[in-house]
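Secondary and tertiary structure notes
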Amino acid sequence: MREISFAEKVPIFRALGLFILVSTFIIAINSFMRHRLRVDFSISRYVGLEFWSATLFAMANIVAASWIGRYLYEIGQLWRMPRVYYWLVIGVAVTLIGLSICPLGYFDRYTGMGGASIVHQITSRMMFIFMALVVLTIICNRYVGWQTRVVGVIFLCYMVICMVGHFLNLEWFSGHFLIFEALYLISFMVFCAFCQTKSGIELDKR
């Protein structure tokens, strides 16, 4: 058992940087075009406001999904993860692409909730669950140390908070959905990038 080198972590850092850059750019430009920032919007709601942002977001997330999948696959190989882990990784990548090519409200902005928006809602919720299950599977692995488990538990607690806020339609959550959503997605990639440290991994000496 060996540690993952920084060079091997480059894909997840690229995915994180690409997501932050593209999402921030889209939100900033569309907020300016629509005259004000709406923190109650989701990222995809911003994406679906314009053709250029829908196209850019889809292209960026297809690339990001390949980077995330590649990195998580390498973790699975190194840490001898169970087969279910790889299916969860595939689920994260597929649902990320699915929600990206079906931005919320773009294809049915004048007709109410259409097929594309329904697909987006389904895939976004599935990705939310798949990400949480990936984290749960990682922290249950015997090769990770207590630091990784603590951070993973904090992430899962945040996931529960988001679920409660969403299902109960609490104002503090729905009124700041953009912030909660962005933090969840960024936290997942940050956790994946730093879930292995020299002091946090129990190396197999056998």
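For the structure itself, consult the block above.
Residues numbered from 1 in each chain as written. Predicted model: local features only at pLDDT ≥ 70, side-chain atom pairs only at ≥ 80, totals over all residues. Heavy atoms only, no water.

As for the pattern of salt bridges
Rules: Should a side-chain nitrogen of Lys or Arg be within 4 Å of a carboxyl oxygen of Asp or Glu, the pair is scored as a salt bridge.
Summed over all chains, the structure comprises 1 salt bridge. Between Asp40 and Arg38 there is a salt bridge, with the nearest N and O atoms lying 2.8 Å from each other.

Describing the environment of Leu156
Test applied: Segments assigned H or I by DSSP are reported as helices when at least four residues long, segments assigned E as strands when at least two residues long, and all are numbered from the N terminus. Exposed residues in this analysis have more than 50% of their type's maximum accessible area, buried residues have under 20%, and partly exposed residues fall in between, with area computed by a 1.4 Å probe over protein chains only. Two residues form a contact once any of their heavy atoms are found within 4.5 Å.
Along the chain, Leu156 falls in helix H6 (residues 146–167). Note on Leu156: relative accessible area 15%, which makes it buried. A C-alpha to C-alpha distance of 9.9 Å links Leu156 and Phe188, two positions 32 residues apart in sequence. In contact with Leu156, other than residues within four places in its own chain, are Ala132, Val135, Leu136 and Ile139.

Description of the side chain of Thr95
To keep things clear, this is the line we draw: In the analysis that follows, any N or O atom pair within 3.5 Å is treated as a polar contact, provided that within protein one partner can donate a hydrogen and the other can accept it, and provided that, for residues neighboring in sequence, both atoms belong to side chains.
Note that Thr95 resides in helix H4 (residues 83–101). Of the residues examined, Thr95 reaches a relative accessible area of 5% and is grouped as buried. A polar atom in the side chain of Thr95 sits 3.2 Å from the backbone oxygen of Val92. The residues touching Thr95, leaving out its near neighbours within four places in the chain, are Thr123, Met126, Met127 and Phe130.

Quick word on the nonpolar core
Selection criterion: Throughout this description, the term nonpolar core refers to a set of buried Ala, Val, Leu, Ile, Met, Phe, Trp, Tyr and Cys residues connected via side-chain atoms within 4.5 Å.
Membership of the largest hydrophobic core comes to 61 residues, with the highest contact counts inside it found for Leu72, Trp79, Tyr85, Tyr184 and Phe188. Secondary structure elements with two or more residues in this core: helix H1 (6–33), helix H2 (43–47), helix H3 (51–79), H4, helix H5 (115–139), H6 and helix H8 (177–194). For this core, the element with the highest residue contribution is H3, accounting for 11 residues.

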